[in-house]
Amino acid sequence: MLRILPLMALGISVLFLTAYGAGIYPWTVCAVLFALSVANLAVYAKPRSTALFQKRRLTLPALYAALLIFIAIVLMPLPLSLSRLTGSLRFEQNTCVAETLEEAKALGIETPPLVTFSTSRSRAGTLRALLLLATLFGAWKLAQQLDPALRQLWLRGLIGLGSVVAVLGHLGKWVIPQGNTLWWAIPVPPVLPGPVGGFINPNHFAGFVALLAPVALAMGIADARQRRWGCMLTDIAGFTLMTVALLFSMSRGGVVAYVGGIGVLMLLVFLRSSKRVKAALVATVAAILCGATLLAIQQEQVRERLLSLRSPTTAASLQERIGAWKDAAGMLQCYPLLGVGPNAFYVTYPQHRTSSSRAARDFAENEYVQIMSETGVVGSTLLALFLFLLWQQSRRALSEAHDANGLHFAPACIGAVAAATTHALVDFPLHLPLYAITAATLAGCLWPQPGDPASTGTTRWPHGVAILIAALVLSLGEAIRLDSPSVLGGAAAPQITRAMVWAPTSALAWRRLCAKLSMGSSKAEQQLGERCLTQAAVYDPNNYPLWRRLGAVREALGDNRGANAAYRRVEALRDWIKLPVLPEED
């Protein structure tokens, strides 16, 4: 029973997330973290005694411990006076919040009884990042526990899952429109271009399919070598379904990930195969790609989308992404050592963006750029170490794959990891729990089992810590999403003031407090509301509707000079908008 427990825990967790929003709800990730941690503790085996002098080397558990320490530091709550240690810029932002809350409290607005500030500019976002990080480590560790036969079974299960997701996602987009629901059953807010299958975004759907396509192709190659023709046909059918669904998804980022994963896999096969195998592989992949492309271009929308890949550098979406990456560099200049905090991009990016587009940008759409801007020099160093460790372990898995099982699941996992690392260049797939957890299990299959001479051993403490993290996140309730527009949109004053403490640079929180104060009847409340809206404009200076609203608020207060200044800012951002010039007293 203990032998198959890791496989059962991983299978149930991935199926649960697939069926329920791919992990967009924090409570679902908490449930998965509990399950993975309990399973890890159940299969824990005390490591055998080792020699007194053992060669030390970088290990993933050690890197994970370093990440936990880093996140604990940036989450540590500090009183205002001690928050000066986090830097003058953060201290200035924190002071602004503290002074505003003092004024609000004097006006009868309920504020947090204890005001403390974290180094992170979004405590809720960083807590969610901590939750996902602990879940990824638990998934990686359970995958490492699988023996070769179970690893092969896990890969075949993922091929089946990818095939089913591909078919149902295609049906939901093109045949039986699912509207603003997941799997035709779970309602979600209307967001363009709309959900696909169990994913709220076609790019997420395409990324998940692109992640598993190399696994199907690698297993098909292995089954052909071992003359398991039935399994081979099943694998190739899964690969074909995923390829067709990917093209019909119209996700260019998914295509980039697919090319990266399949390209690396084919390179590995070419380096280790005979000419006959190479020719068969090229013919098979070319035939499937040509057939899928001919089928996809029958749809005009798909054809136009695919043709845009001929000149990707001129695409408007790529130009917008490149602009965001440059703006993110400005964040790194302001917060060089520790960054703005893991998963705090959303509440700090508006202050640094040069675009005046109304569309909100929650992510940099490049995982590497976002991690560097969010975690600074320290986090970037840890990221570089992780990528080095992953590359080193991939090489080791290939060189040590002497048996029939290892010869195919090592390339399969490396191809999938290559798809993930490539996709991360143009999107934010690792922020999607289902995708990230699946990728973590595929990476875990590259590591030797505990007890193997090449293994670095095992320990209990990460799984106990993980259970505490899940319990902490669950105990916070809605507070874990205090940086979310859907939560702050209908929040009461106590939630809004708490959100300001947890995310001092959140323009949305400042705007929401202004809206609450503007409902008051006293002049003092309205004046404080105007100052809150002014601060929101400082944190989102290129938001022209915000400046227009600020001008109207100032005009209502009789501050024509300030209103004109706000209106001039609107006209500078949108020259086609012409606003009246109000008379100003000398």
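Going by the structure above, here's the rest.
Residues numbered from 1 in each chain as written. Predicted model: local features only at pLDDT ≥ 70, side-chain atom pairs only at ≥ 80, totals over all residues. Heavy atoms only, no water.

## Here's the deal with the pattern of salt bridges
Summed over the entire model, instances satisfying the criterion amount to 12 salt bridges. Here Glu-365 makes a salt bridge to Arg-361, at a shortest N to O gap of 2.8 Å. Linking Arg-561 and Glu-584 is a salt bridge whose minimum nitrogen-to-oxygen distance equals 3.3 Å. Linking Arg-561 in helix α23 (residues 560–573) with Glu-584 in the segment after α23, this pair joins segments that are 23 residues apart in sequence. Judged by its relative accessible area of 34%, Glu-584 is partly exposed. Linked by salt bridges that have partners in common, Arg-156, Asp-223, Arg-228 and Asp-235 make up one network. (Salt bridge = Lys/Arg side-chain N within 4 Å of Asp/Glu carboxyl O. Helix = DSSP H or I, 4+ residues; strand = E, 2+ residues; numbered from the N terminus. Buried < 20%, exposed > 50% of the residue type's maximum accessible area, 1.4 Å probe, protein only.)

## Section: the side chain of Thr-181
Counting through the fold element by element, Thr-181 comes out in strand β1 (residues 181–182). Residue classification places Thr-181 among the buried residues on the basis of a relative accessible area of 16%. Only 2.5 Å separates the side chain of Thr-181 from the backbone oxygen of Gln-178, close enough to count as a polar contact. Within the local environment of Thr-181, its side chain forms a polar contact with the backbone nitrogen of Trp-184, the two atoms lying 3.3 Å apart. Not counting residues up to four positions away in its chain, the partners in contact with Thr-181 are Ile-186, Pro-187, Val-188, Pro-195 and Gly-197. (Polar contact = N/O pair within 3.5 Å; in protein donor to acceptor, adjacent residues only side chain to side chain. Contact = heavy atoms within 4.5 Å.)

## With respect to empty space enclosed by the protein
Tallied over the full model, the rule gives 2 cavities of 30 Å³ or more. By volume, the second largest cavity amounts to about 30 Å³. Along its surface, the second largest cavity is lined by Asn-203, His-204, Gly-207, His-423, Asp-427, Pro-429, Leu-432 and Tyr-435. It is helix α7 (residues 202–225) that provides the largest number of residues to the lining of the second largest cavity, a total of 3 residues. (1 Å grid on protein atoms, 1.4 Å probe; cavity = no way out; pocket = protein on both sides within 12 Å on 5 of 7 lines; lining within 4 Å. Points joined across faces, edges and corners; volume = space filled by probe spheres on them.)

## Here we look at the packing of aromatic side chains
Overall, the coordinates contain 16 aromatic pairs when judged by the stated rule. With a centroid separation of 6.2 Å and 20 degrees between ring planes, the pair formed by Tyr-64 and Trp-461 is classed as stacked. Pair noted here: Tyr-64 is in helix α3 (residues 60–75) and Trp-461 is in helix α17 (residues 461–476), with a separation of 397 residues, a long-range link. What makes Trp-461 partly exposed here is its relative accessible area of 36%. Feature note: the residues Tyr-64, Phe-137, Trp-140, Trp-447 and Trp-461 constitute an aromatic cluster, connected by ring pairs. (Phe/Tyr/Trp six-rings, centres within 6.5 Å; stacked < 30°, edge-to-face > 60°.)

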